[in-house]
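Working through the structure, step by step
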Amino acid sequence: MTIKENYNNVEDYSSLYRSVGWEPISLENAKIALLNSVYSVSIYDGDEAIGFGRIIGDSIRFLYVCDIMVRPEYQGQGVGRTIMESIIRKIDEIKAIEPRVTTYLGAVSGKEGFYKKFGFKTRKEDGTGEGMVLH
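Residues numbered from 1 in each chain as written. Predicted model: local features only at pLDDT ≥ 70, side-chain atom pairs only at ≥ 80, totals over all residues. Heavy atoms only, no water.

1. Brief notes about the pairing of strand β4 (residues 62-70)
Note the threshold: Buried residues are those whose accessible area, probed at 1.4 Å on protein chains only, stays under 20% of the maximum for their type, while exposed residues exceed 50% and partly exposed ones sit between those limits. Secondary structure elements are defined from DSSP: runs of H or I of at least 4 residues count as helices, runs of E of at least 2 residues count as strands, and each element is numbered from the N terminus. For two strands to pair, DSSP has to find at least two bridges joining them. Handedness of a crossover: with both strands directed away from the viewer, a clockwise path from the first strand across the helix to the second marks it as right-handed.
The element β4 is extensively covered by neighbouring structure, given that 7 of its 9 residues are classed as buried. Pairing between strand β3 (residues 48-57) and β4: 6 bridges, direction antiparallel. Paired with Gly51 across the bridge in β4 is Val70. Connecting β3 to the antiparallel partner β4 that follows it, the hairpin turn spans 4 residues, and Ser59 within it adopts a positive phi of roughly 80°. In this sheet, strand β5 (residues 102-105) lies alongside β4 in parallel orientation, the contact comprising 4 bridges. Within β5, the residue paired with Val65 across the bridge is Leu105. Running through helix α3 (residues 79-97), the crossover from β4 to the neighbouring parallel element β5 is right-handed.

Structure (structure tokens):
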């Protein structure tokens, strides 16, 4: 396994999206999205992208963890943990500059327990109200 930070390969990103059953956006829009990431981490097995995750936001006060993806055949093998450990390290670097940074995450239904292992709480558990979304 090879870990690559801020290596934003649009084709690999789109391939991972499809592999986890999400509908990818156009390659042009994916490139824009990736270029606007605060941080990203890609995991490779040889030349094949097997995992990815990123942080978006204003880089100092509000962050959002998104696009956590692991190819189905690699799930349960520590790839997601490796992605999240890299993301948490980056968040900790930002916390050293701005301790009041707030980090959000929208977990896929049923995956909340995975993120709780890294200290995330539901907004309800944290007493900050319900999360909301606009599509």
